[in-house]
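Given next are the chains, with one letter for each unit.
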Amino acid sequence: MAGGGTKRRKRRLQLSKLYTLTCTKACFKPDHSQIGGPGFSRVVYCNEPDSPEIDSMNYCDNYVRTTKYTLATFLPKSLFEQFRRVANFYFLVTGILSFTPLAPYTAASAIAPLLFVIGATMVKEGVEDWRRKKQDIEVNNRKVKVHRGDGNFDSREWKTLSIGDIVKVEKNEFFPADLVLLSSSYEDAICYVETMNLDGETNLKVKQGLEVTSSLRDDNFKGFEAFVKCEDPNANLYSFVGTMELKGAKYPLSPQQLLLRDSKLRNTDFIFGAVIFTGHDTKVIQNSTGPPSKRSMIEKKMDKIIYLMFFMVVTMAFIGSVIFGVTTRDDFKNGVMKRWYLRPDSSSIFFDPKRAPMAAFYHFLTAVMLYSYFIPISLYVSIEIVKVLQSIFINQDIHMYYEEADKPARARTSNLNEELGQVDTILSDKTGTLTCNSMEFIKCSVAGTAYGRGVTEVEMAMGRRKGSFLVFQSNEDDVEYSKEAVAEESTVKGFNFRDERIMNGNWVTETHADVIQKFFRLLAVCHTVIPEVDEDTEKISYEAESPDEAAFVIAARELGFEFFNRTQTTISVRELDLVTGKRIERLYKVLNVLEFNSTRKRMSVIVQDEDGKLLLLCKGADNVMFERLSKNGREFEEETRDHVNEYADAGLRTLILAYRELDENEYKVFNERISEAKSSVSADREALIEEVTEMVEKDFILLGATAVEDKLQNGVPDCIDKLAQAGIKIWVLTGDKMETAINIGFSCSLLRQDMKQIIINLETPEIHLLEKTGEKNAIAKASKENVLSQIINGKSQLKYSELAIGCASVICCRSSPKQKALVTRLVKSGNGKTTLAIGDGANDVGMLQEADIGVGISGVEGMQAVMSSDIAIAQFRYLERLLLVHGHWCYRRISTMICYFFYKNITFGFTLFLYEAYTTFSSTPAYNDWFLSLYNVFFSSLPVIALGVFDQDVSARYCLKFPLLYQEGVQNVLFSWRRILGWMFNGFYSAVIIFFLCKSSLQSQAYNHDGKTLGREVLGGTMYTCIVWVVNLQMALAISYFTLIQHIVIWGSIVVWYFFIAVYGELPPRISTDAYRVFVEALAPSLSYWVITLFVVVSTLMPYFIYSAVQMRFFPMYHGMIQWLRYEGQCNDPEYCDMVRQRSIRPTTVGFTARLEAKKRSVRRSESDS
C-alpha cells in the first residue's frame, strides 16, 4: 500500500471453482415474468448519459438529505412544531388578545417572552439540523470514479451520479448507489462485500456479475451499452429481479448481481458497476425510516398537569367573572354608586351595570389572559436546555468511555433522560451484548476423547451451583475462582485451548493420532477463509465469513496444521508428517464447495490430496450430522454425543466433524449431476441442487466435535447483580437454543439452582406434524393449547403475559427479530412500566425501537443497532452507571424541576387572583406589565435550570453502593400525583401568606416618614419582592448539592430583581409607567419594606422547612436514609447498610447478591432444624 503502509498480498480466487453452489450461472425464475408490469417498470440505459429517454424518466438524483428542515421549510415547519404544544398555542392566543382593549397588560410585555421562548427553541432545532446537514454534505461530497465516455474514468462527487452511469469502486470504498455488478478484479467477476451498515453482519458476502460482462475492464467501456429492466425502488434488501439486454440477448439479474449503497468492497481490488437506483430510491434509504417518536412518562404526565392548570385558570376566571358580573349589576342602584371610582353611571361596556352579562364575559377573557401566569411559559424551553446539558454530561462521563475501542457513551436523543431513572424491565440480546461475539476455540472431542482443560465462565457458574471441585470459594466476599482459569491467558485471538496432550506436537503419541490428524486437517481445509500475508513479517492473518470459521483455522494453525495459501483451485497446508516426524507442505485440490446455510446446517468441501484420494470433508450441527454417519463410522458416536451435551451445558457452540472417501466413478456422477443442476433455468433449481448434494453427504466417518466459546463481556455478572438490587427485571431474548441460553443465564447470575424453572416450548411431535402440513390456523390453535397446558401443569392459572411478567427473570430462546419486537411490546403493554431494550445487531433494531428506551451497543456487529438507538454505549457493564447514576439523577432533577416550576408559578399567579378578588375582580393586575413578563424569564428560571443540571441527592459512589435508591424512580415516588399536588399546595399557601401578610402589614398605616400611605404600585412591589425571595430560597431549601453555579444563579436572581426595579424605575414614565421611581423613592427608603420582606419570607418558608425536617428525621425516603448514613459516618457499617437495603420495595431475586441471601436463608433453616 502506498505511503509506507503495511503491504499485503492476497491470492485471487476463481469463485466459479470455490463457490460451486452460490456463484453459478444465472437463471430465469418465475419473478422475471413480471418485468415490465406493475412494480417492475424501471428502465435503465447503461453508459448512455446523453440518452433522451433517461431525461424523460424523471428519476431522482443521488443527493441524499436526512435533515428535518430545508431553508425554505425551516420557519413554517419549526413554528408548526412549536405551536403544536398546547401551552405555546395558549400563549399565542393570549398574545394576540393582548392587542385588544381587553388586555390587562401591554401587548409588548405579552409577546416578548413568547418570542424569546419560541426563538430559543427554534435556534436549538436549527443547530441540531445543521449538524445533520454537515453529515449530509460529507456523504454527498465523497468521490467515486465515473466513466466519462471515452474509456477513461474521472473522480466525481456522489451527488452528481445519474442512473446508468458506469462507476469504478476500489477496495475498502463504499458503494455510492445501488449498482449492478458488471466485472471485478477477479476473472469471474466475483467480489466480497461487507454489509455491516445495512444488516449489522460482519461476515463477508460474495457477489458475482454476469458471465457476459465479466471481461469488461477500463478500456472496454468505450462502446459498451446495455439496457436494464428491473423492479421499482423498494425496501427489500434481499430481493432483486431484473433483466439485462446486451447485444440482442437477455440475461437474468438477481440479488447476486446487486451491490447496495453504503456496503463496502472488501478483499477485491476493484469492481465496475452500473447505477440502477440513486439517492432516496436506494434500498438503504428506503429502509431508513425515521425512528418512532418517543416521549417519556414524565413528559406525558406533564401534559396532564398543564391541562389541570388550564382547568384551574378557566375555573378561577369563571368564578371571578360571575362575581364580577353580579357586583357590576348591583353597582348603580337608586342613584347610589357602590364602586364610584369606576363611574358605573357613565362607564363603557366593561363596567356598565346595564350590560352586566356582557361585562362578565369580557372579564372572563381578560381573566384568562391575566391568569396565564399560572402556566410556566419557559417550562418547555428550560426542560429542553436541561436535557441537552444532561446529555452532554452523559457523553462526557469518563467512567462510560471504552478506551480499547475509543468509544464514549453517546446520548443520541435527549428526550428520554428521565426515563433512564424509571426502567422496570430490561430486555437484552445475548450474543454481542452479554457476550463478546468473539469466538475462542476452547475444547474439542476427537476419537471419543475430550481435549481442552480450560474452564468456561458457564462451567464456573455451574460449579458454584453444584459445589464442584472446579472452584474454591473465598468466605470473605463470596468471590469464586477457577483453579484452571488462572492459567496464562492466550495471546492469540480466537484460541484459548490448553491441553498438553495434543499441543506442541504431542498429539502424535496419542492412541488415535491418525484420527487427530484427520480432525485438524479437516479444520485447516474445510472452510472459505482467505489468508493474507504480511510481506514484512510473513505473519498470516485470516479473512473469514464468520468468527467461528476464523477460530477453527487459527486453532488448526496453533496445533500444527497451518493453512497458508489459497489459489483458485488449491489449498496449501503445513502439517506434521506422522511417518517422518517433519513439518511438510501439503497441497489439496479443491473440487467443490457445498456452502453452509440455515437449511442445510452443514458445510462440505470435496478435495483431492497429493495421493489422488478424493475426500469429502464436512462439518455441521449435531442434529444433521449424526444421522448421516455410516454404520462403520459410528465408533466414537456415544462418547462424542456425551461430550457435545457437556459442551452445550457449558455454554459452548458445537459442530460435528466427519469425512468420507469418494471413488472416482461416484464423484464423476456427482459432478455431472451438480453441473446439470446448477445450470438449470427451471424454478426448482435449488431443490435439484439439494437433491444432488444429498447423494454424497452421507455415510460419513465420525472424527469428533469442536467447541468454541462466546465469552461474557467484562463486568456483566456484577452489572446484572446491581441492576437486580435496583429492582429492575431482566429478560434475555436470544436466537440460541434453550440449553445454551439457560447456561448463559446461570453464568451471569440471572438464574439460580434453587429457582423454580418454568419451561414453555412448542417442540412437540404434534406441532412438528402440523408445521409440515402448513395449516397456519391449526398450528396457532395447537400452539395456544400447548402453552396453556404447560402453564397449568406449572400450577399457574395466569395468562402467559402475567406469568412471564411475574417471574424473576425470563429467557426467550430461538427468537427472530420480529419476535423480539413483539415480546418487547408484550412487556411494555403488559405492565405499563418503562422498558429498556439493549442490543448490538441489526436483528435487534425492532426491539430497540419498540421499547421505551433503546440502548445500542457499539460492538462488532455493525452500527445498525446504534443508529436506531436512543443511547449508545460500548459495553453492557456501562448500563449500570447509565441507569443507577445518570438515570437516577436525571429522573430526580427533572421531577423536582417540573414540580418546582408549577410551585413558583402558582405562588406568583395566585397572588394575582387574590389581589383581583380584593379589588372585586376589576381585572387590575397587582404588578407592572414587565414585572409580569420577566418573572419566568429572568427572576426565577435560572435556579431551576441549575437544579436540573447539577443537583445530586447522593454522589455517584453512593448511587452504585445503594442500588435500591433507584427504586424511587421505578415506583415513581418523586413524580407521583401526591408529590405534584403537594408542591401545588405549597404554592397556594405561599401565595396566601405573602398576599395577606403584605396587605395587612401595609394597610391603614403611614408608609413612610412623610405620612404617605401605600398605593397599588407599593403593595405590588413589596409582594413581588417577597415572591422573588421566597421562590429562590425555596429552591435553596430543595437543593441537596450546592455548587458555585447554584449560589450564583440563586442569589444572582434576587440581585437582578433589585437591579431591574431600580434601573427600570429610572426610565421615563411612558416606559416604566406605574413603576416610575417606586423603588428609589418609595420602597428602598422605607424600613418597613425591608422588615416586611424578612418577616414574610421567613413565615412563608417555615411550613416547608418544618415538614422537610420531620420527614427527614422520622419518615425518610431512600435518599434521605443514605444521606443520614453519610452524615453520621455509617456508610461502611454493614449492619446499618443492611438495614437500609431491607427497606427495598422489590426484593432482589437474581444476581450473586440474591444467591448469597439464598445461602444465608438455607444456613438459617439448617440451624433452626438442628
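Residues numbered from 1 in each chain as written. Predicted model: local features only at pLDDT ≥ 70, side-chain atom pairs only at ≥ 80, totals over all residues. Heavy atoms only, no water.

Going by an unreviewed UniProt entry, the chain carries the name Phospholipid-transporting ATPase and comes from Cardamine amara subsp. amara. The record in UniProt for the chain states the following under Catalytic activity (unreviewed entry): "ATP + H2O + phospholipidSide 1 = ADP + phosphate + phospholipidSide 2." Recorded in UniProt under Subcellular location (unreviewed entry), the annotation for the chain is "Membrane". (UniProt positions renumbered as here; feature names shortened; annotations may be inferred.)

Asker: Now, about the overall build of the chain: what can you tell me, with residues and values included?
Answerer: When you go through the chain residue by residue, the secondary structure sums to 39 helices and 36 strands. A total of 1170 residues make up the chain; the buried ones form 54% of that total. Sequence-distant contacts in the chain: of pairs separated by 6 or more residues, those separated by 24 or more amount to 73%. Surface summary for the chain: the accessible area is close to 51,900 Å², and the carbon and sulfur share equals 56%. (Helix = DSSP H or I, 4+ residues; strand = E, 2+ residues; numbered from the N terminus. Buried < 20%, exposed > 50% of the residue type's maximum accessible area, 1.4 Å probe, protein only. Contact = heavy atoms within 4.5 Å. Areas by Shrake-Rupley, 256 points an atom, 1.4 Å probe, with all protein chains shown as cover.)

Asker: Talk me through the nonpolar core; I want residue IDs and the actual numbers.
Answerer: Residues M309, Y371, F908, Y927, F931, Y1024 and W1057 are the most contacted members of the largest nonpolar core, which totals 110 residues. In terms of residue count, the dominant contributor to this core is helix α26 (residues 878-918) (16 residues). Setting aside its immediate chain neighbours within four residues, F908 contacts Y373, Y927, F931, L932, Y935, Y1024 and I1027. Core analysis: the next-biggest nonpolar cluster, separate from the first, contains 78 residues, A447, V593, I606 and A621 among them. (Core = buried A, V, L, I, M, F, W, Y, C linked by side-chain atoms within 4.5 Å.)

Asker: Give me the sheet that holds strand β3 (residues 143-147): which residues, what numbers.
Answerer: Taken in spatial order, the 6 strands of this open sheet run β4-β3-β5-β14-β6-β12, and their pairing is antiparallel. Edge positions in the sheet fall to β4 (153-157) and β12 (258-259), since each has one partner strand and no second. The sheet contact formed by strand β6 (residues 178-184) and β12 spans 2 bridges and is antiparallel. By the bridge assignment for β12, L179 is matched with L259. (Pairing = 2+ DSSP bridges.)

Asker: Can you lay out the sheet that holds strand β8 (residues 204-208) for me, pointing to particular residues and giving the numbers?
Answerer: What the 3 strands build is an open sheet, ordered β8-β7-β13; its pairing is antiparallel. A single partner strand is all that each edge strand has here, and the edge strands are β8 and β13 (264-266). For this sheet, the mean angle separating the axes of adjacent strands, direction not counted, is 45 degrees. As paired elements, strand β7 (residues 190-194) and β8 share 5 bridges and run antiparallel to each other. When the sheet's bridge partners are listed, V193 is paired in β8 with K205. (Axes fitted to C-alpha atoms, helices over the stretch in contact; angles between N-to-C directions.)

Asker: So what's going on with helix α28 (residues 941-950)? Residues and values would help.
Answerer: The buried count for α28 comes to 8 of 10 residues, which makes it a mostly enclosed element. Against α10 (379-395), α26, α27 (929-939), α32 (1016-1038) and α33 (1044-1065) lie the buried residues of α28.

Asker: Got a sec to walk through the pattern of salt bridges? Specific residues and values, please.
Answerer: On inspection of all chains with the given rule, the structure shows 40 salt bridges. Salt-bridge contacts for D499 lead to R501; the nearest nitrogen and oxygen are separated by 2.7 Å. One salt bridge in this structure joins E575 and R521, with 2.6 Å as the shortest N-O distance. Taken together, the residues span a long stretch of sequence, with E575 in strand β26 (residues 570-576) and R521 in helix α12 (residues 513-525) at a distance of 54 residues. Among the ionic contacts, a cluster of salt bridges with common partners joins R602, R628, E690, E694 and E697. (Salt bridge = Lys/Arg side-chain N within 4 Å of Asp/Glu carboxyl O.)

Asker: I'd like a rundown of the packing of helix α4 (residues 86-97) against helix α8 (residues 297-329), residues and numbers included.
Answerer: Closest axis-to-axis distance for the α4/α8 pair is 10 Å, and the angle between their directions is 30 degrees. Taken together, α4 and α8 sit at an angle that is classed as roughly parallel. Facing α4, whose interface residues are V86, A87 and Y90, α8 presents I306, Y307, F310 and V313. When grouped by side-chain class, the residues that make up the contact of α4 with α8 number 7 nonpolar, no polar and no charged. (Parallel < 35°, antiparallel > 145°, perpendicular 65-115°, else oblique. Nonpolar A, V, L, I, M, F, W, Y, C, P; charged D, E, K, R; others polar.)

Asker: Tell me about the packing of aromatic side chains, and please be specific about residues and values.
Answerer: Applying the stated criterion across every chain, the model contains 53 aromatic pairs. Geometrically, the ring pair formed by Y90 and F310 is edge-to-face, given 4.9 Å between the ring centres and 65 degrees between the ring planes. Of the two residues, Y90 is situated in helix α4 and F310 in helix α8; the sequence distance between them amounts to 220 residues. Here the aromatic rings of Y927 and Y1024 are separated by 5.4 Å at their centres, their planes lie at 80 degrees, and the arrangement is edge-to-face. (Phe/Tyr/Trp six-rings, centres within 6.5 Å; stacked < 30°, edge-to-face > 60°.)

Asker: How would you summarise the packing of α12 against helix α13 (residues 547-558) if you had to cite specific residues and measurements?
Answerer: In a packed pair of helices, the relevant descriptors are the angle between the two axes and the axis-to-axis distance. Packing of α12 against α13 leaves a shortest axis separation of 8 Å and a crossing angle of 130 degrees. Classified by the angle between their axes, α12 and α13 sit oblique to one another. As α12 runs across α13, the sense of the crossing is left-handed. Along the contact surface, α12 presents F520, L523 and A524, while α13 presents F552, V553 and A556. Partitioning the contact of α12 with α13 into residue classes produces 6 nonpolar, no polar and no charged. (Left-handed = near helix turned anticlockwise from the far one by under 90°.)

Asker: If you had to explain unusual backbone geometry to someone new, which residues and values would you point to?
Answerer: Phi angles above zero are rare outside glycine, and T1073 is one such case at about 50 degrees. Position of T1073 relative to the elements: it lies in the loop between α34 (1069-1072) and α35 (1078-1083). Notably, R1077 is not glycine yet its phi reads approximately 50 degrees, a positive angle. As for its placement among the helices and strands, R1077 is situated in the loop between α34 and α35. Its relative accessible area of 24% is what places R1077 among the partly exposed residues.

Asker: Just give me the short version of the side chain of D165, but keep the residues and values in it.
Answerer: With respect to the secondary-structure elements, D165 resides in the loop between β4 and β5 (166-170). Overall, the relative accessible area of 7% leaves D165 in the buried class. A polar contact of 3.5 Å, which involves the side chain of D165, links it to the side chain of R156. Within the local environment of D165, its side chain forms a polar contact with the backbone nitrogen of S162, the two atoms lying 2.8 Å apart. (Polar contact = N/O pair within 3.5 Å; in protein donor to acceptor, adjacent residues only side chain to side chain.)

Asker: Go over the pairing of β3, please, and point to the residues and values.
Answerer: Direction of pairing for β3 relative to β4: antiparallel, over a ladder of 5 bridges. By the bridge assignment for β4, K143 is matched with E157. Remark: 5 residues form the turn of the hairpin made by β3 and β4, two consecutive strands paired antiparallel; G149 in that turn has positive phi of roughly 110 degrees. With 2 bridges connecting them, β3 and β5 associate as antiparallel partners. Across the sheet, V146 pairs through a bridge with V167, a residue of β5.

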